[in-house]
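Observations on chain architecture
So the chains spell out like this:
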Amino acid sequence: MMRGSRIVNCLCGAILALTALAVPSVLRAQDGYDLWLRYAPLDGEALERLRRLDLHPVASDSDASDPTVELALNELERGLAGLQNAPEEIPADGTPIVLQCDSDLPGPSGHYAVQPYARDSAQGIGIWASEPIGCLYGAFALLRALAQGEDPLTLNLASAPAMPLRMLNHWDNPDGHVERGYAGRSIFDWWRLPGHLDQRMIDYARANASIGINAVVVNNVNARAEMLEPRYIERLARLADAWRPYGIRVYLSARFSAPRDIGRLDTADPLEPAVRAWWQAKADEIYAAIPDFGGFLVKANSEGQPGPQDYGRSHADGANMLAEALGGRGTVIWRAFVYSAEDDTDRAAQAYAEFVPLDGQFADNVIVQVKNGPIDFQPREPFHPMFGAMPNTRLMLEAQITKEYLGFATHLAYLAPMWEEVLQSDTGRDGTVAQVIAPAGMAGVANTGSDRNWSGSHFDQANWYAFGRLAWDPTLSSADIAREWAAQTWSREPATLDTIESIMMDSRQAVVDYMTPLGLAHLMGTGHHYGPALWVCDLARPEWNPCYYHRADAEGIGFDRTATGSDQLAQYAGQVAARWQDPATISDDYLLWFHRVSWQHTTQSGRPLWDELVYRYDHGVSTVDSMAARWASLEGQIDARRYRDVSEYLAIQQAEARWWRDASIAYWQSINGLPLPEGSSAPAHSLEHYQSLTFPEAPGDT
Ligand code: BDP
């Protein structure tokens, strides 16, 4: 680095420092685009320390020309400059951050160690990895720690991903509509690709790499066959090239009937040689353009999608046919989210019934992807009974980052506590869910869109972040993740962080309480899933109706999944089932999920069910009020624009929590005729009013 440029640096630094005096850095205008990668200037001792050390990244000769190592160096420069409020220039001397990316450090792909070292009289920080991507992850880990004000000379960060696939599933259609998307249009601009690559595609890859995400399915599981046509393969190749240095492999959702839809065959039967040959040729064509193509994600024989059962074949027949086409080059991810139009058994039992008998029949490069719970991404579900029940099949967890059933982007709901709950669940068979999925991975249905802040709300960025962090290390606590995210995204001020963390940690249970307390599920509006619709009972298929799930009448409420009902409880290991077997002892969280009880049933709180239900609704509403009040206490601590964005969304959430509470209570009272418990206020409107509301403009529909 030339001295001359240092002098210029110093002048620039002085100008920036003056600006910083005028507006404290924490209050400078933010629009959310930078996500958790703001690298906002440090202050006090943490800033002094960094300036004293004068850190500068260098790579060993053998690594220097690798594009991923170059990204790591650039990121360190950018981060250090931001944190020190200094221009992005490499100092001539100072303390080196030495990247050694071809070391013999043992561990799975992506692992790294970040530690200070002393050699002779020189000291430095080392980032050790056995491949470039480990160095990039290590660089992000170092910056994450520095951004939280930590001392680089006392750091000892050694980490390895807990599972190989840390994946986002985009439910984005090629026309730009995002199914269940609440953040605008798709971020993938197929129209201008491959000629033009939007900068957002780089910023997106960088954000993913910063949290260890290494796989992206770019299109909706309700897939269009045209995504497999040459013109899309060419566009996907441009994305794959751009994302490769960030360690991200691209995947496609494949429509099972593609050989018929676009291949001019008259069948898609997986045992038909012409069909097998078509997929083989398609796979070869994709690999010619994208040598590290990840593979196919398939939704088959589910909600009207085509699949092998259309030809009397099994899920294993279908998955194995595609697995053979990919060969050792890629993976088939076959979704277990199935329930049948003809099957009138409990929907919660159907995936297990279809898949568990197939255990051991799937090819080695097939992974079966299972949603966290047995129904469908509800605010709270028990873990899916398939976890632990297929010891000879690799199972992957599917979580929904986009909040289809938790208030869209306008409700603040931090989802990590929900994922923590499922990951830590003991299956009673093969360890915890986190242990069961360790050989495969985790997929999250993405919440990104064209909105400037990416996720539709500032706080929904935390769900993207937490998903990546938990997929990397499912033993992290949701509270710790909330705090580290908030420190990078909002402010490092401890009192502000306490407040933000407390809001986040209360938020998911609040949604459960005002929407679907005590184990209730699927009471949302038809189609768009916005708002309460508990009364809907006339849709063609029984399991599309809220009344199918709550089963309320004058006597009682809840779904009996014990031996006297659907017996779905028997799909769990004995010790797990035993915990949920008895309505007198089961946790209130799962009561109405597994049991049908009278309105007078005594709950764990000691209150009768009806009183407890109303108590929970009230509690959900008052928690949101308190979240809004806590946020209001931060005025002046947070930059004005984001402060206002969040305040306005919280006001929407306050109103909608009341709407959920009031509509629900009005409906239950129309069924049970019971008076409200003492001190609880009557719904603001009549049941008919709530039933009359329609929302043609609700986003994200199918
Ligand atoms: C449901 C969504 C629907 C998805 C489906 C799935 O409402 O849009 O297609 O999940 O996961 O929750 O396939």
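Rules used throughout
Residues numbered from 1 in each chain as written. Predicted model: local features only at pLDDT ≥ 70, side-chain atom pairs only at ≥ 80, totals over all residues. Heavy atoms only, no water. Core = buried A, V, L, I, M, F, W, Y, C linked by side-chain atoms within 4.5 Å. Buried < 20%, exposed > 50% of the residue type's maximum accessible area, 1.4 Å probe, protein only. Helix = DSSP H or I, 4+ residues; strand = E, 2+ residues; numbered from the N terminus. Contact = heavy atoms within 4.5 Å. Salt bridge = Lys/Arg side-chain N within 4 Å of Asp/Glu carboxyl O. Pairing = 2+ DSSP bridges. Axes fitted to C-alpha atoms, helices over the stretch in contact; angles between N-to-C directions. Near = heavy atom within 4 Å. Polar contact = N/O pair within 3.5 Å; in protein donor to acceptor, adjacent residues only side chain to side chain. Areas by Shrake-Rupley, 256 points an atom, 1.4 Å probe, with all protein chains shown as cover. Nonpolar A, V, L, I, M, F, W, Y, C, P; charged D, E, K, R; others polar. Expected span 1.5 Å × (residues − 1). Domains from an automatic or database assignment. Buried area = accessible area lost by both parts, 1.4 Å probe.

To continue, consider the nonpolar core. Inside soluble globular proteins, nonpolar side chains tend to come together where they are buried. Residues Trp243, Trp279, Phe296, Trp631 and Trp668 are the most contacted members of the largest nonpolar core, which totals 230 residues. With 12 residues, helix α4 (residues 132-147) is the single largest residue contributor to this core. Among residues more than four places away in sequence, those in contact with Phe296 are Leu228, Tyr251, Leu252, Ala254, Trp279, Ile286, Leu322, Leu326, Thr331, Val332 and Ile333.

Going through the model one piece at a time under the given rule, you end up with 39 salt bridges. As a salt-bridge pair, Glu75 and Arg206 come within 2.8 Å of each other at their nearest N and O atoms. With Glu75 in helix α3 (residues 67-84) and Arg206 in helix α5 (residues 199-210), this pair connects stretches of sequence that are 131 residues apart. For Glu75, a relative accessible area of 5% puts it in the buried group. Note on Arg206: relative accessible area 8%, which makes it buried. Residues joined in a network through salt bridges with shared partners are Arg380, Glu421, Arg508, Asp513, Asp589, Arg607, Glu612 and Arg616.

On to the environment of Glu688. By the element assignment, Glu688 lies in helix α21 (residues 687-692). Its relative accessible area of 51% is what places Glu688 among the exposed residues. C-alpha of Glu688 to C-alpha of Ile290: the two residues are 398 residues apart in sequence and 56 Å apart in space.

Spatially, five strands are ordered β1-β2-β4-β3-β5 in an open sheet, and the strand pairing comes out mixed. Of all strands in the sheet, those with a lone pairing partner are β1 (56-59) and β5 (157-159), marking the two edges. Within the sheet, the average angular offset between the axes of one strand and its neighbour, ignoring direction, is 30°. Inspection of the sheet shows strand β2 (residues 96-100) paired to strand β4 (residues 122-128) by four bridges, in the parallel sense. Bridge assignment links Leu99 to a residue of β4, and that residue is Ile127. Strands β1, β2 and β4 of the sheet are contacted by α3, whose axis makes an angle of about 170° with β1.

Turning to the site of the ligand, a few remarks are in order. In the vicinity of the ligand, 15 residues are found, and the nearest of them are Glu179, Lys299, Arg335, Lys371 and Glu404. The side chain of Lys371 places a nitrogen or oxygen atom 2.6 Å from an oxygen atom of the ligand. When the ligand sits alone it has 320 Å² of accessible area, and the protein chains cover 97% of it. Across the shell around the ligand, the residue classes break down as four nonpolar, three polar and eight charged.

Let us look at helix α6 (residues 230-243). With 14 residues, α6 extends 20 Å from end C-alpha to end C-alpha; this agrees with the ideal 20 Å at 1.5 Å per step. Residues of α6 that are buried: Tyr232, Ile233, Arg235, Leu236, Ala237, Leu239, Ala240, Ala242 and Trp243. Considering only its buried residues, α6 is in contact with α5, β7 (215-217), β8 (249-253) and α8 (273-289).

Okay, α4 next. Between its first and last C-alpha atoms α4 spans 22 Å; for 16 residues at 1.5 Å apiece the expected length is 22 Å, and the two agree. Counting buried positions along α4 yields 15 of 16 residues, so the element is predominantly enclosed. Directly after α4, the chain includes Gly149, whose backbone phi takes a positive value near 85°.

Judged by pairing direction, the barrel is parallel, and its eight strands sit side by side in the order β6-β7-β8-β9-β10-β11-β12-β13 before closing back on the first. Adjacent strand axes in the sheet meet at a mean angle of 25° when their direction is disregarded. Across three bridges, strand β6 (residues 165-169) lies against β7 in parallel orientation. Counted as the bridge partner of Leu168 is Val216 from β7.

Further remarks concern the domain arrangement of the protein chain. Looking at the assigned domains, one finds that the protein chain contains domain 1 (4-154), domain 2 (165-489) and domain 3 (514-692). Tallying the contact residues gives 22 residues for domain 1 and 28 residues for domain 2. For the pair domain 1 and domain 2, the two sides together bury roughly 2400 Å², of which 57% comes from carbon and sulfur. Contact with domain 2 buries surface across domain 1, with Tyr33, Trp36 and Arg144 losing the most and accounting together for 36% of the total. For the salt bridge of Arg452 with Asp31, the shortest nitrogen-to-oxygen distance reads 2.7 Å. In this assembly, domain 1 and domain 2 are joined by nine residue pairs in polar contact (both at pLDDT 80 or more). Counting residues per element, the side of domain 1 that touches domain 2 draws most heavily on α4, which supplies six residues. Grouping the amino acids of the side of domain 1 that touches domain 2 by side-chain chemistry returns 13 nonpolar, four polar and five charged.

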